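Residues per chain are reported as follows:
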Amino acid sequence: FVGVLVVIIGAYWFAVGEAEAREQRQLKRRLKTEDPSLLRSNTSAVRLLKQAQRLSSIDQLNAALGSASFVVNPVRRLLDNSGLNLTVASFMMATMVCFFSAAVAINYYLPVAWVVVPVALAAGCIPWVVVSFLRERRVRKFEAQFPEAIELIARSLRAGHAFPSGIKIVADELPEPAGPEFRLLYDRQNFGAPIPDALRAFAERVPTIDARFFVTAVLTQREAGGNL
């Protein structure tokens, strides 16, 4: 029992405790630092800008996909609209796995080219069909929540709040998918993006005619004035 206990505690220490203790020691050293030049170097190393969304966890593949924007952008837009937490590389890998798995299986039982190729192509479309179905379901759910979002914004405006405050209320009150979409809209304008640009990006992310009418109405009001 003592031996097993020692092994468990030792494994926990090496896996978790040592890393936490090392971070604490580094933090204490930084807090005790009195050299201004060292403080400036530490501060300059901090990256405040959000990194661009990676297309793959593999650096070489991420760079290769980054240069093929004509293929990557539609796929990334499809994944973003579906709400799935997948990278472009993972989605393409799933497509290739389905294609080659079906090709090998069909070729083993029925090695005829005019049968293998169509079946493999159909199997390779399975990830696209699944993601497209999830995208359509998410869009329909957004359309069902959108009237409530508009009503919340209207009530906040009638109460005297600014338009960004109304967006924040929607982001806080509504669940997925409307809440996160309005949260991203609020965060973009809150961190310095012009509201017209943030609204246009919102209309591109949400492929519904209602969202485009909403963006058009807000942008028109901001240019011409009137009762929003």
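To be clear, the structure that these remarks concern was listed above.
This text gives an overview of the structure that appears in the document.

What counts, and where the lines are drawn
- Residues numbered from 1 in each chain as written.
- Predicted model: local features only at pLDDT ≥ 70, side-chain atom pairs only at ≥ 80, totals over all residues.
- Heavy atoms only, no water.
- Axes fitted to C-alpha atoms, helices over the stretch in contact; angles between N-to-C directions.
- Helix = DSSP H or I, 4+ residues; strand = E, 2+ residues; numbered from the N terminus.
- Parallel < 35°, antiparallel > 145°, perpendicular 65-115°, else oblique.
- Left-handed = near helix turned anticlockwise from the far one by under 90°.
- Contact = heavy atoms within 4.5 Å.
- Nonpolar A, V, L, I, M, F, W, Y, C, P; charged D, E, K, R; others polar.
- Core = buried A, V, L, I, M, F, W, Y, C linked by side-chain atoms within 4.5 Å.
- Buried < 20%, exposed > 50% of the residue type's maximum accessible area, 1.4 Å probe, protein only.
- Expected span 1.5 Å × (residues − 1).
- Arc of directions from axis to C-beta.
- Phe/Tyr/Trp six-rings, centres within 6.5 Å; stacked < 30°, edge-to-face > 60°.

Considering the packing of helix H10 (residues 195–205) against helix H11 (residues 209–224)
Phase 1 of the analysis: The interhelical angle for the contact between H10 and H11, taken along N-to-C directions, is 165 degrees, at an axis separation of 9 Å. In terms of orientation, H10 and H11 fall into the roughly antiparallel class. Of the two elements, H10 crosses H11, and the hand of that crossing is left-handed. Counting all contacts with H10, which are made through Ile195, Pro196, Leu199, Arg200, Phe202 and Ala203, the residues of H11 involved are Ala211, Arg212, Phe214, Val215, Val218, Leu219 and Arg222.
Phase 2 of the analysis: Residue composition of the contact of H10 with H11, grouped by class: 10 nonpolar, no polar and 3 charged.

With respect to the nonpolar core
Soluble globular proteins: nonpolar side chains tend toward being buried together.
Phase 1 of the analysis: Of all hydrophobic cores here, the largest spans 25 residues; its most connected members are Phe182, Leu199, Phe202 and Phe214.
Phase 2 of the analysis: Those elements giving two or more residues to this core turn out to be helix H7 (126–158), helix H8 (163–173), helix H9 (178–190), H10 and H11.
Phase 3 of the analysis: Look past the residues within four positions of Leu199 in its chain and what remains in contact with it is Phe163, Leu185, Phe214, Val215, Val218 and Leu219.

Some words on H9
One turn of the α-helix equals 3.6 residues, which is why residues spaced by three or four share an orientation.
Phase 1 of the analysis: Taking 1.5 Å of rise per residue, 13 residues should cover 18 Å, and H9 covers 18 Å from first to last C-alpha, within 8% of that figure.
Phase 2 of the analysis: Those residues of H9 lying buried are Ala178, Gly179, Glu181, Phe182, Leu185, Tyr186 and Gln189. Down the axis of H9, the buried side of the element spans an arc of 170 degrees, and every buried residue falls inside it.
Phase 3 of the analysis: Structurally, H9 contributes buried residues whose contacts are with H7, H8, H10 and H11.
Phase 4 of the analysis: Backbone geometry just downstream of H9 places Gly192 in the positive-phi region, at approximately 115 degrees.

Some points on the environment of Thr87
Phase 1 of the analysis: One can find Thr87 in the loop between helix H4 (69–82) and helix H5 (88–109).
Phase 2 of the analysis: Separated by 11 residues in the primary sequence, Thr87 and Arg76 have C-alpha atoms spaced 7.8 Å apart.

A short note on the packing of aromatic side chains
Phase 1 of the analysis: One pass over the structure, following the stated rule, counts 12 aromatic pairs.
Phase 2 of the analysis: When the ring of Phe146 is compared with that of Phe214, the centres are 5.7 Å apart and the planes differ by 90 degrees; the resulting orientation is edge-to-face. Residue Phe146 is located in helix H7, and its partner Phe214 is located in helix H11; the two are separated by 68 residues in the primary sequence.
Phase 3 of the analysis: With a centroid separation of 6.3 Å and 35 degrees between ring planes, the pair formed by Phe163 and Phe214 is classed as tilted. With a gap of 51 residues between them, Phe163 in helix H8 and Phe214 in helix H11 connect regions that are remote in the sequence.
Phase 4 of the analysis: Look at Phe163 and you get buried, because its relative accessible area is 8%.

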